[in-house]
Amino acid sequence: MSEEGREPEGQEQKSHDISSASEDRNQLTYLVTDAPPWYLCIFLAIQHCLTAFGATISIPLILSEGLCLQHDRLTQSHLINSIFFVSGLCTLLQVTFGVRLPILQGGTFSLLTPTMAMLSMPEWECPAWTRNASLVDTSLLVFKEEWQIRLRNLQGSIMVASLLQIVVGFSGVIGFLMRFIGPLTIAPTITLIGLSLFESSAAKAGTHWGISAMTTLLIILFSQYLRLIPVPVPAYNKIKKLHTSKFYIFQRFSILLGIVVSWLICYILTVSDVLPSNPAHYGHLARTDVKGNVISDASWFTFPYPGQWGMPAVSLAGVFGIMAGIICSMAESVGDYHACAKLSGAPPPPRHAINRGIGVEGLGSLLAGAFGTGNGTTSFSENVAVLGITKVGSRVVIFTSGVFMVLMGILGKIGAVFTTIPEPVVGGMFMIMFGVISAAGVSNLQFTDMNSSRTIFIFGFSLFSALVIPDWLKKYPESLSTGIPVIDQVVTILLSTHMFVGGFLGFFLDNTIPGTRQERGFVWEKEEHAEFSKTPASDKLYDLPLGITTFFSSYSWVRFIPFCPWEGENSDEASVVQHQPGEDLCDGAFDPNPPANTKL
């Protein structure tokens, strides 16, 4: 190199130091197969549980209105215990036999929209007397039958719909389907999950706008303004002995802190009688004593079990609606697997691992339906983000989190405590959570060409139509009539589900309107794979445990089982990445200027 093209020696050394510092800052403390010390593992596992708790308890609280349970706090606490218990079981299955990445499992908002659409149909609308707290006696058989018949139909529909995910996962079809599902399908679908729940947020926040606004502002303060401010905490190790360490508590527990502080303020305002004690007065639901004696009435231990609400029933219309949510959940989970691998120092998950992950999520939804949680299961994106913050990618930590979630599901008092959170506090939390979900959906468009009129048209039309059509059908439910009741129910639920309408239109238009793969946003896959390929972990981490992979690897027929790893797969996948020079995997075109040694 000439002197003119060479950097000064000091500047070169400085650039090297900056690069080294950046690498040190981004380096993981524990990789996927590493095991932190037991005390650190427990702390990190609890942190993951607390990160997921906001979304976990939100689902039963939202479902309670559609199930006619808004005044039955004890049953709500049982639902919360059940969803914690099943989420823990699914996490253990996913980490052990599924995709084998450190990825937490929990309830999915993807199923909430079709579920609420199903429960809002005329035949499932709650009787007026169940909405009046003074008329509800939770011990009466007639009241129990009202909510149990709805929950049994819901859980049966979830169980049947989950079979789709099981088949798609374990058969390997998911890889084929993902070729057609791009950002312009995923973006409107996820965005509409948050937007479609604005009524539930407004109803709860409107019970006391002052308290809900305070909760929202506190979460914003903790998560955005104070997140980089460390709090000194005592620590001990053999080298430094007793010392103080910096802990970013506001960044880690922003939602939890916002809820606890608002909850405490509501308690102070309750005992001082600042909040009205008359149920007819505005702001009464902000009191902490409106839930009665739910904590004292709840048992210390509860053991959720399949069929605890009775024999599940099946609604054909509900099955198709839940399937729409499951398809959305699968697409989102595949993205979570890649993000989790990137943040935990693992290579990109191979086909067999993705197939197993989706299949195990299907089994999780089947379990969730059988246990009667009223929901399914999916990968938690929030906890994937925690891996990047803590720099701990160990799956032992997530396994421990699964154990803790099972224990939380068994302790009945824990579920009862969560039901005593005042309504406006929950409403303030919903405003943050659903807003972030909506924004996360829009963020998928970053991979597309946002300067393209094609992209703007598909996303805008899909999003707006998904708001218009369900709203029109809600106002004029009798306008859709084919003369066949079953078809009417199926079509009504599908067209009342915002994310189905938006996702279907996005999928159809994106795959029929001409556009390059790069314009459609599929270019990120190749770039992401190139970045993942630099990670230090071994492909062996995706092998099945207990020597299962070693046992079956000697059989040649294993290559035909989509969810089983085999010895020749790594070389096959490497040949896909090391594609022929001049070939563009994104749009199928060829490089107009290939290398000289390339034969055309």
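Quantities reported herein were computed from a predicted structural model and do not represent experimental measurements.

A.B. asks: Provide a residue-level description of the overall build of the protein, including the pertinent values.
C.D. replies: Counting its secondary structure elements, the protein contains 25 helices and four strands. For the protein, the residues scored as buried account for 50% of the 600 residues in total.

A.B. asks: Requested: an account of the layout of surface pockets, with residues and values cited.
C.D. replies: Its boundaries defined by the atoms lining it, the second largest pocket holds a volume of some 1,200 Å³. What lines the second largest pocket is a set of 38 residues, and nearest its centre among them are Met116, Ala117, Ser120, Met121 and Lys474. Where the lining of the second largest pocket is concerned, the elements lending two or more residues are α2 (38-66), α4 (112-119), α8 (198-205), α19 (453-475) and α20 (485-496). Residue classes in the lining of the second largest pocket are distributed as 18 nonpolar, 11 polar and nine charged.

A.B. asks: Can you lay out the pattern of salt bridges for me, pointing to particular residues and giving the numbers?
C.D. replies: Taken as a whole and judged by the stated rule, the model has 11 salt bridges. The salt bridge involving arginine 73 is made with glutamate 423; its shortest N-O contact spans 3.9 Å. Here arginine 73 is found in helix α3 (residues 73-97), whereas its partner glutamate 423 is found in helix α18 (residues 423-443), with 350 residues between them in sequence. Among the residues examined, glutamate 423 registers a relative accessible area of 13% and is labelled buried. One salt bridge in this structure joins glutamate 199 and lysine 474, with 3.3 Å as the shortest N-O distance.

A.B. asks: I'd like a rundown of the packing of aromatic side chains, residues and numbers included.
C.D. replies: Taken as a whole and judged by the stated rule, the model has 11 aromatic pairs. Where tryptophan 472 meets tyrosine 476, the ring centres are 6.3 Å apart and the plane angle is 45 degrees; that geometry is what we call tilted. For tryptophan 472, a relative accessible area of 44% puts it in the partly exposed group. Members of the aromatic cluster, connected to one another through ring pairs, are Phe109, Phe430 and Phe434. The cationic tip of lysine 413 hangs over the ring face of tryptophan 300; the distance from NZ or CZ to the ring centre is 5.1 Å. Lying across the ring of phenylalanine 522, arginine 517 places its NZ or CZ 3.8 Å from the centre.

A.B. asks: Could you give me a rundown of a nonpolar patch on the surface, with the residues and numbers involved?
C.D. replies: On the surface, Val173, Phe176, Phe180, Phe504, Phe507 and Phe508 cluster together into a nonpolar patch covering about 530 Å² of accessible area. The element that contributes the greatest number of residues to the nonpolar patch is helix α21 (residues 498-512), accounting for three residues.

A.B. asks: Pulling in residues and values, what's your account of the side chain of glutamine 105?
C.D. replies: Here glutamine 105 lies in strand β1 (residues 105-106). Residue classification places glutamine 105 among the buried residues on the basis of a relative accessible area of 1%. Of note is the side chain of glutamine 105, whose polar atom sits 3.2 Å from the side chain of serine 379. The contact partners of glutamine 105, leaving out residues within four places of it in the chain, are Ser87, Cys90, Thr91, Gln94, Glu361, Thr377, Thr378, Ser379 and Met405.

A.B. asks: I'd like a rundown of the state of the cysteines, residues and numbers included.
C.D. replies: The bond known as a disulfide is covalent and runs between the sulfur atoms of two cysteines. The full count for this structure, using the stated rule, is one disulfide. The side chain of cysteine 68 participates in a disulfide bridge whose partner is cysteine 126; the two sulfur atoms lie 2.0 Å from each other. Between cysteine 68 and cysteine 126, the disulfide has an S-S torsion of -100 degrees and is therefore left-handed. Note that cysteine 68 is positioned in the loop between α2 and α3 and cysteine 126 in the loop between α4 and α5 (141-170), a separation of 58 residues in sequence. Across the pair, cysteine 126 and cysteine 68 agree in class, each one buried.

A.B. asks: Tell me about the packing of α8 against α18, residues and numbers included.
C.D. replies: In the contact formed by α8 and α18, the axes pass within 7 Å of each other and the chain directions differ by 145 degrees. Read as a crossing pair, α8 and α18 show a hand that is left-handed. Of α18, the residues touching α8 (which contributes Ser200, Ser201, Lys204 and Ala205) are Glu423, Pro424, Val426, Gly427, Phe430, Met431 and Phe434. Class assignment for the residues of the contact of α8 with α18 results in six nonpolar, three polar and two charged.

A.B. asks: Before we move on, could you go through the environment of phenylalanine 198 and cite the residues and values that matter?
C.D. replies: Following the sequence through the fold, phenylalanine 198 ends up in helix α8. A C-alpha to C-alpha distance of 8.6 Å links phenylalanine 198 and phenylalanine 430, two positions 232 residues apart in sequence.

A.B. asks: Lay out the nonpolar core in plain terms, naming residues and giving numbers.
C.D. replies: One finds Phe84, Leu101, Phe109, Ile174 and Phe434 to be the most contacted residues of the largest nonpolar core, which totals 97 residues. In terms of residue count, helix α13 (residues 316-343) provides more of this core than any other element does, 12 residues in total. Listed in part, the seven residues of the second largest apolar core include Phe85, Ala368, Val406 and Ile410.

A.B. asks: Break down helix α7 (residues 183-195) for me, citing the residues and quoting the values.
C.D. replies: Helix length check: α7 (13 residues) gives 18 Å between terminal C-alpha atoms against 18 Å at 1.5 Å per residue, within 8%. The buried fraction of α7 is high, at 12 of 13 residues. Of all the residues in α7, the buried ones are Pro183, Leu184, Thr185, Ile186, Ala187, Pro188, Thr189, Ile190, Thr191, Leu192, Ile193 and Gly194.

A.B. asks: Give a description of the packing of α2 against α3 that names residues and reports values.
C.D. replies: As a packed pair, α2 and α3 sit with axes 9 Å apart at the nearest point and diverge in direction by 140 degrees. As summarised for this structure, α2 and α3 are arranged oblique, according to the angle between their axes. As for the relative orientation of α2 and α3, their crossing is right-handed in sense. Along the contact surface, α2 presents Phe53, Thr56, Ile57, Ile59, Pro60, Leu61 and Ser64, while α3 presents Gln76, Leu79, Ile80, Ile83 and Phe84. Classifying every residue of the contact of α2 with α3 gives nine nonpolar, three polar and no charged.

A.B. asks: Got a sec to walk through unusual backbone geometry? Specific residues and values, please.
C.D. replies: You will see that arginine 100, though not glycine, has its phi angle at about 65 degrees, which is positive. Looking at where arginine 100 falls in the secondary structure, it is placed in the loop between α3 and β1.

A.B. asks: Which residues make up the environment of tyrosine 30, and what values go with them?
C.D. replies: Of note, tyrosine 30 is situated in the loop between α1 (9-26) and α2. Separated by 363 residues in sequence, tyrosine 30 and glycine 393 place their C-alpha atoms 5.6 Å apart.

A.B. asks: Let's hear about the confidence of the model for the protein: which residues, and what values?
C.D. replies: Taken residue by residue, the protein gives an average pLDDT of 80. The fraction at 70 or more is 86%. Of the regions scoring below 50 in pLDDT, residues 1-7 engages in three contacts with residues more than four places distant in sequence or in other chains. Ignoring residues within four places in sequence, the model shows residues 571-600, a span with pLDDT below 50, making 21 contacts including any to other chains.

A.B. asks: Tell me about the side chain of glutamine 155, residues and numbers included.
C.D. replies: By the secondary structure assignment, glutamine 155 is in helix α5. A polar contact is formed between the side chain of glutamine 155 and the backbone oxygen of glycine 369, at a distance of 2.7 Å. Those residues in contact with glutamine 155, other than ones at most four positions away along the chain, are Trp309, Gly310, Pro312, Gly369, Ala370 and Gly372.

Reading the values: rules and limits
- Residues numbered from 1 in each chain as written.
- Predicted model: local features only at pLDDT ≥ 70, side-chain atom pairs only at ≥ 80, totals over all residues.
- Heavy atoms only, no water.
- Helix = DSSP H or I, 4+ residues; strand = E, 2+ residues; numbered from the N terminus.
- Buried < 20%, exposed > 50% of the residue type's maximum accessible area, 1.4 Å probe, protein only.
- 1 Å grid on protein atoms, 1.4 Å probe; cavity = no way out; pocket = protein on both sides within 12 Å on 5 of 7 lines; lining within 4 Å.
- Points joined across faces, edges and corners; volume = space filled by probe spheres on them.
- Nonpolar A, V, L, I, M, F, W, Y, C, P; charged D, E, K, R; others polar.
- Salt bridge = Lys/Arg side-chain N within 4 Å of Asp/Glu carboxyl O.
- Phe/Tyr/Trp six-rings, centres within 6.5 Å; stacked < 30°, edge-to-face > 60°.
- Lys NZ or Arg CZ within 6 Å of the ring centre and 35° of its normal.
- Patch = residues over 30% accessible without salt bridge, like charges linked within 9 Å, V, L, I, M, F, W, Y side chains within 5 Å.
- Areas by Shrake-Rupley, 256 points an atom, 1.4 Å probe, with all protein chains shown as cover.
- Polar contact = N/O pair within 3.5 Å; in protein donor to acceptor, adjacent residues only side chain to side chain.
- Contact = heavy atoms within 4.5 Å.
- Disulfide = S-S within 2.5 Å.
- Axes fitted to C-alpha atoms, helices over the stretch in contact; angles between N-to-C directions.
- Left-handed = near helix turned anticlockwise from the far one by under 90°.
- Core = buried A, V, L, I, M, F, W, Y, C linked by side-chain atoms within 4.5 Å.
- Expected span 1.5 Å × (residues − 1).
- Parallel < 35°, antiparallel > 145°, perpendicular 65-115°, else oblique.
- pLDDT = per-residue confidence, 0-100.

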